[in-house]
Amino acid sequence: LGLRQNNTINLELAQTNRELLELMVKSSEARDPSTSGHSRRVRDYAIQNARLLGHSTGDVEHIGTAALLHDVGKIFDKYAPILAKEDRLTPEEWAIIKEHPADGANLVATMTTLRQLVPAVRHHHENWDGTGYPDGLRGDAIPLASRIIMFADTFDAMTTKRPYRGPLDEQAVRGELVRCRGRQFDPEITDRLIENDF
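### Observations regarding empty space enclosed by the protein
Reasoning step 1: Scanning all chains against the criterion turns up 2 cavities of 30 Å³ or more.
Reasoning step 2: Considered as a void within the structure, the largest cavity measures approximately 60 Å³ in volume.
Reasoning step 3: What lines the largest cavity is simply Glu-126, Asn-127, Trp-128, Ile-142, Ser-146, Arg-147, Met-150, Phe-151, Gln-184, Phe-185, Asp-186 and Ile-189.
Reasoning step 4: Examining the composition of the lining of the largest cavity, we find that 4 residues originate from one element, helix H8 (residues 144–159), more than from any other.
Reasoning step 5: Residue classes in the lining of the largest cavity are distributed as 6 nonpolar, 3 polar and 3 charged.

### Topic: the pattern of salt bridges
Reasoning step 1: The full count for this structure, using the stated rule, is 11 salt bridges.
Reasoning step 2: Residues Arg-43 and Asp-44 are paired through a salt bridge, measuring 3.3 Å at the closest nitrogen-oxygen approach.
Reasoning step 3: A relative accessible area of 40% places Asp-44 in the partly exposed class.
Reasoning step 4: In this structure, Asp-140 and Arg-147 form a salt bridge, with 3.5 Å as the shortest nitrogen-oxygen distance.
Reasoning step 5: Residue Arg-147 is classed as buried on the basis of its relative accessible area of 14%.
Reasoning step 6: Through salt bridges that share partners, Lys-78, Glu-99 and Asp-103 make up one connected network.

### Here we look at the packing of helix H2 (residues 38–52) against helix H3 (residues 57–68)
Reasoning step 1: It is the contact of H2 with H3, at a shortest axis distance of 8 Å, that shows an interaxial angle of 155°. By the criterion of interaxial angle, the relationship of H2 to H3 is roughly antiparallel. With respect to the hand of their crossing, H2 and H3 are arranged in right-handed fashion. Here Ser-39, Arg-40, Val-42, Arg-43, Ala-46, Ile-47, Ala-50 and Arg-51 of H2 come into contact with H3, specifically with Val-60, Ile-63, Gly-64, Ala-67 and Leu-68.

### A word on the side chain of Asp-103
Reasoning step 1: As for its placement among the helices and strands, Asp-103 is situated in helix H6 (residues 100–108).
Reasoning step 2: With residues up to four places along the chain from it excluded, the contact list for Asp-103 reads Gly-73, Phe-76, Lys-78 and Tyr-79.

### A look at the confidence of the model for the protein chain
Reasoning step 1: On average, residues of the protein chain score 88 in pLDDT, and 82% of them are at 70 or above.
Reasoning step 2: By mean pLDDT, the top-scoring element of the protein chain is helix H7 (residues 118–122) (98), and the lowest-scoring one is helix H1 (residues 2–29) (65).

### With respect to the environment of Leu-137
Reasoning step 1: Checked against the element boundaries, Leu-137 lands in the loop between H7 and H8.
Reasoning step 2: The contacts of Leu-137, once residues within four sequence positions are left out, are His-123, Glu-126, Asn-127, Gly-130, Ile-142 and Pro-143.

### Concerning the packing of aromatic side chains
Reasoning step 1: Throughout the structure, instances matching the rule amount to 3 aromatic pairs.
Reasoning step 2: Their ring planes at 80° and their centres at 6.3 Å tell us that Trp-94 and Tyr-133 sit as a pair that is edge-to-face. Within this pair, whereas Trp-94 is found in helix H5 (residues 91–97), its partner Tyr-133 is found in the loop between H7 and H8, the two being separated by 39 residues in sequence.
Reasoning step 3: Take Trp-94: its relative accessible area is 39%, and that puts it in the partly exposed class.

### Describing the packing of H8 against helix H10 (residues 187–195)
Reasoning step 1: Where H8 contacts H10, the axes come no closer than 11 Å and their chain directions differ by 50°. Classified by the angle between their axes, H8 and H10 sit oblique to one another. The interaxial crossing formed by H8 with H10 has right-handed handedness. Each of Leu-144, Arg-147, Ile-148 and Phe-151 in H8 lies in contact with H10, whose residues at this interface are Ile-189, Thr-190 and Leu-193.

Rules used in this analysis
- Residues numbered from 1 in each chain as written.
- Predicted model: local features only at pLDDT ≥ 70, side-chain atom pairs only at ≥ 80, totals over all residues.
- Heavy atoms only, no water.
- 1 Å grid on protein atoms, 1.4 Å probe; cavity = no way out; pocket = protein on both sides within 12 Å on 5 of 7 lines; lining within 4 Å.
- Points joined across faces, edges and corners; volume = space filled by probe spheres on them.
- Helix = DSSP H or I, 4+ residues; strand = E, 2+ residues; numbered from the N terminus.
- Nonpolar A, V, L, I, M, F, W, Y, C, P; charged D, E, K, R; others polar.
- Salt bridge = Lys/Arg side-chain N within 4 Å of Asp/Glu carboxyl O.
- Buried < 20%, exposed > 50% of the residue type's maximum accessible area, 1.4 Å probe, protein only.
- Axes fitted to C-alpha atoms, helices over the stretch in contact; angles between N-to-C directions.
- Parallel < 35°, antiparallel > 145°, perpendicular 65-115°, else oblique.
- Left-handed = near helix turned anticlockwise from the far one by under 90°.
- Contact = heavy atoms within 4.5 Å.
- pLDDT = per-residue confidence, 0-100.
- Phe/Tyr/Trp six-rings, centres within 6.5 Å; stacked < 30°, edge-to-face > 60°.

Set out below in structure tokens:
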């Protein structure tokens, strides 16, 4: 009886944790209605890509959760006016937006059960060639989970309607992914995902 109660409590806690993560993501996305559903789509793409790349079930789950939380740093008030803006961002506004991966990582770090996700969240905007942010990491120094999330995040941005443009078609998306291979994206991940029609 005690074992059954313990299992029930663990299942309820796991469900509560999933619901809290969804609540955090929905709160963050409420600031930018044009990206509603973005984090869940990025999670789904990241999970699909991690599976295509042959990752274990545990790693796929880890990558999926980090992908769900990748933009949670945008929940802070300083991002609200920038995310609501339809015009091109000023250099000062762009500098603030670049703070969201670190803010998100700091927020995720406050939850004991999520601390292992901090590097994946912090580095999801690092470019393969070292031109990304917040730390300018390059190549294999970028956590693998972050490289997969970067690919999924960019794919979703290109294939959904944004205030400044419509979604790109499949040929344009493929061309952009190839163009950014070795610059923004890990070339090996890019090649393997394109071969498998990501």
